[in-house]
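# A look at the structure
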2 protein chains.
Amino acid sequence: MRAVKAPSADRAATARAAIRAGRHTGPTSGLAPGFAQANLVVLPHTHALDFLRFCVRNPQACPLLEVTDTGSPHPAAVASDADLRTDLPRYRVLRDGMCTDEPADISPYWDEHLVGFLLGCSFTFEWALAAAGLPIAHQRQGVNVPMYVTDRECVPAGAFHGPMVVSMRPLPAHHVPRAVEITGRFPAMHGAPVHIGDPADLGIDDLGVPDFGDPVRIAPDEVPVFWACGVTPQVVALNAAPPLAIFHAPGHMFITDRPHAHYDSAVRDHITETPEGHR
Amino acid sequence: MRAVKAPSADRAATARAAIRAGRHTGPTSGLAPGFAQANLVVLPHTHALDFLRFCVRNPQACPLLEVTDTGSPHPAAVASDADLRTDLPRYRVLRDGMCTDEPADISPYWDEHLVGFLLGCSFTFEWALAAAGLPIAHQRQGVNVPMYVTDRECVPAGAFHGPMVVSMRPLPAHHVPRAVEITGRFPAMHGAPVHIGDPADLGIDDLGVPDFGDPVRIAPDEVPVFWACGVTPQVVALNAAPPLAIFHAPGHMFITDRPHAHYDSAVRDHITETPEGHR
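Residues numbered from 1 in each chain as written. Chains lettered and ligands numbered in written order. Predicted model: local features only at pLDDT ≥ 70, side-chain atom pairs only at ≥ 80, totals over all residues. Heavy atoms only, no water.

Counting its regular elements, chain A contains seven helices and 11 strands. Relative to the 2.2 N^0.38 estimate, which gives 19 Å for 279 residues, the radius of gyration of chain A is 18 Å and therefore close to what a compact globule would have. Along the first, second and third principal axes, the C-alpha atoms of chain A reach 55 × 45 × 35 Å. Partitioning the intrachain contacts of chain A with sequence separation of at least 6 by distance along the chain shows that 77% fall at a separation of at least 24. Carbon and sulfur atoms make up 54% of the accessible area of chain A, which totals about 10,500 Å². Across chain A, 21 positive and 30 negative side-chain charges occur, with their mean positions spaced 6 Å apart. (Helix = DSSP H or I, 4+ residues; strand = E, 2+ residues; numbered from the N terminus. Rg over C-alpha atoms; globule rule 2.2 N^0.38 Å. Contact = heavy atoms within 4.5 Å. Areas by Shrake-Rupley, 256 points an atom, 1.4 Å probe, with all protein chains shown as cover. Lys, Arg positive; Asp, Glu negative; His and termini not counted. Charge placed at Lys NZ, Arg CZ, Asp CG, Glu CD.)

Written as structure tokens, this is what we have:
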């Protein structure tokens, strides 16, 4: 177990301020290095309880980091002074399951009936894989991670139902056991892989044609490794078709005040968790 | 990593059936060995969303295993054919925060507005500690584990607020690191300790006078080790004082179909999780 120096949360706040002011408008990968980023889901409170049930029943695809109070855009437990309406570079707005807008600010859509959910994101375990020296193919190839809709149904909750979406990272076979161990330390960031090897076992016909993201080249000595993916709730919300749903735009995530190590079950500081989160 | 033989879920169902039929009426410790047991909380749906927020914000004290559909007493994802109204040996019923009944069957209280929550229980990590050969003092001394109300406030959510409750197990100092590692593998069962050593750091004046459970003797070479405790939501619900709240009676837990290893981040079978939970 290595020593982890916790970065100052000021850097996360500075990055959010730059986004809020429109000085940073692109994807958040590489921004505020060291801090966990999160998937955003915003739903009317009428759908919040069933969506929470869905997350509890499908923790690998939908690991909950925080749920705001109804009407509040402030996820105070994971980021002080943050505002979910302005602190992500870009959003996707869906009405009745159809994307109607991709704004950089959702203040005009916000009202007292909305609830914001933050879900764990694979950036944290990719950081841990890279820290251990494992190659991350899509980063080396300069493309987005490939994602696939599987034939594996999530456990449904109310109107929320649909298939699990997975991301795929090819790894040299001798690295796979370490990748399982490392990502398994981050249960709040999708955790260990859900599948290793033959994509047909997940109902995936062709790795070269991902449903989201870009294809990656797989070397002869590499094995495809599949993790549950935070895009799952977006696909599921299309099925549920609430009157309004708002997500981060792909790659345009929310930056928390929590260093990656906060979510590492092997090194996190359990003793300070509660005071840190207390408001 | 050792091999784990998964016990047949029939044994859990058999134990629940014995409870339902009134053939088993006492505490559930030692019943259906090998299967995870759970804390029960039942609340009106009007309080369900805030209680879920409370659990997400305080995952060490309130690790969520399952949330039933509103009105449904069937936690299908963790136990097939189970009924939360009859499958625990004894319950505590609170009206407006006051205990009014301790029945063996809550069917008369159940209606279409109630939601059942199952939370992780320390029996699973005690099983793992014992499997590793670590001594569990309260078991050896034949008493209940001592529990203490701390001065550490949980992160609040709506009406739900209050202090974290901890359980304490003294361990020989040389066993403490292993105990941290072992229990840390079970984040859904309270995870690693929240504190090791001086009880005054948690605002506990006298280990000899627990708030719940029984005092245990601590040998000179032993260190008190504290874990977040599933009694926390009961204390918090007293503060929230919903019109109706139902809990398991102390030690009278719900038996799930899931073997302990299902919740072990080091050995669980990630690949089969979703089909198993799918209904």
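Remark: the centre distance and the inter-plane angle together describe each pair of aromatic rings, the angle taken between the planes. If you walk through the whole model with that rule in mind, you get six aromatic pairs over all chains. Seen from their ring centres, Phe 51 of chain B and Phe 117 of chain B are 4.9 Å apart, and the 70° between their planes marks the pair as edge-to-face. Taken as a pair, Phe 51 of chain B in helix H2 (residues 45–57) and Phe 117 of chain B in strand S5 (residues 114–120) lie far apart in primary sequence, 66 residues in all. Note on Phe 51 of chain B: relative accessible area 0%, which makes it buried. An aromatic cluster of three or more residues is present, and its members are Phe 51, Phe 117 and Phe 160 of chain A. (Phe/Tyr/Trp six-rings, centres within 6.5 Å; stacked < 30°, edge-to-face > 60°. Buried < 20%, exposed > 50% of the residue type's maximum accessible area, 1.4 Å probe, protein only.)

All names here are of chain A. Within the fold, Asp 206 resides in the loop between strand S8 (195–196) and strand S9 (222–228). Taking the relative accessible area as the measure of exposure, Asp 206 reaches 41% and is therefore partly exposed. For the pair formed by Asp 206 and Glu 102, sequence separation is 104 residues and the distance between their alpha carbons is 30 Å. Here the side chain of Asp 206 touches Gly 208 through a polar contact of 2.7 Å, landing on its backbone nitrogen. (Polar contact = N/O pair within 3.5 Å; in protein donor to acceptor, adjacent residues only side chain to side chain.)

A few words on unusual backbone geometry. A positive phi angle, close to 50°, is found at Asp 96 of chain A, a residue other than glycine. Locating Asp 96 of chain A in the fold gives a position in the loop between strand S3 (91–95) and strand S4 (98–101). Take Asp 96 of chain A: its relative accessible area is 52%, and that puts it in the exposed class. Backbone geometry places Ala 241 of chain B, a non-glycine residue, at a positive phi of 45°. With respect to the helices and strands, the residue Ala 241 of chain B is situated in the loop between helix H6 (232–240) and strand S10 (245–248). According to the relative accessible area criterion, Ala 241 of chain B is partly exposed, its value standing at 29%.

Moving on to a negative patch on the surface. Residues Asp 151, Glu 153, Asp 198 and Asp 201 of chain B make up a contiguous surface patch of negative charge. Examined against the element boundaries, Asp 201 of chain B turns out to sit in the loop between strand S8 (195–196) and strand S9 (222–228). (Patch = residues over 30% accessible without salt bridge, like charges linked within 9 Å, V, L, I, M, F, W, Y side chains within 5 Å. Salt bridge = Lys/Arg side-chain N within 4 Å of Asp/Glu carboxyl O.)

Moving on, we come to the packing of helix H3 (residues 123–131) of chain B against helix H5 (residues 176–184) of chain B. Residue and element names in this part refer to chain B. With their axes 9 Å apart at the nearest point, H3 and H5 run at an angle of 135° to one another. It follows that H3 is oblique to H5 by the angle criterion. Considering only the axes of H3 and H5, their crossing is right-handed. Together, Phe 125, Ala 128 and Leu 129 of H3 and Ala 179, Ile 182 and Thr 183 of H5 make up the contact between the two elements. (Axes fitted to C-alpha atoms, helices over the stretch in contact; angles between N-to-C directions. Parallel < 35°, antiparallel > 145°, perpendicular 65-115°, else oblique. Left-handed = near helix turned anticlockwise from the far one by under 90°.)

Time to look at the pairing of strand S7 (residues 163–172) of chain A. Residue and element names in this part refer to chain A. Among the 10 residues in S7, 10 count as buried, and that is most of the element. Both S7 and S9 contribute to a ladder of seven bridges, which runs antiparallel. Looking at S9, one finds that Ser 167 is bridged to Trp 227. (Pairing = 2+ DSSP bridges.)

What follows concerns the domain arrangement of chain A. All names here are of chain A. Domain annotation of chain A identifies domain 1 (10–21 + 35–121 + 240–277) and domain 2 (123–232). A straight line from the C-alpha centre of domain 1 to that of domain 2 covers 22 Å. At the junction of the two partners, domain 1 supplies 24 residues and domain 2 supplies 23 residues. Together, the buried faces of domain 1 and domain 2 total about 2,300 Å²; carbon and sulfur atoms form 66% of this surface. Among the residues domain 1 hides against domain 2, the three largest losses belong to Gln 60, Cys 121 and His 260. Together they make up 27% of the total. (Domains from an automatic or database assignment. Buried area = accessible area lost by both parts, 1.4 Å probe.)

Residue and element names in this part refer to chain B. Overall, the coordinates contain two cavities of 30 Å³ or more when judged by the stated rule. Around the second largest cavity, the lining residues are Leu 129, Leu 134, Pro 135, Ile 136, Ala 137, Arg 169, Leu 171 and Trp 227. Of the residues in the lining of the second largest cavity, the class split is seven nonpolar, no polar and one charged. (1 Å grid on protein atoms, 1.4 Å probe; cavity = no way out; pocket = protein on both sides within 12 Å on 5 of 7 lines; lining within 4 Å. Points joined across faces, edges and corners; volume = space filled by probe spheres on them. Nonpolar A, V, L, I, M, F, W, Y, C, P; charged D, E, K, R; others polar.)

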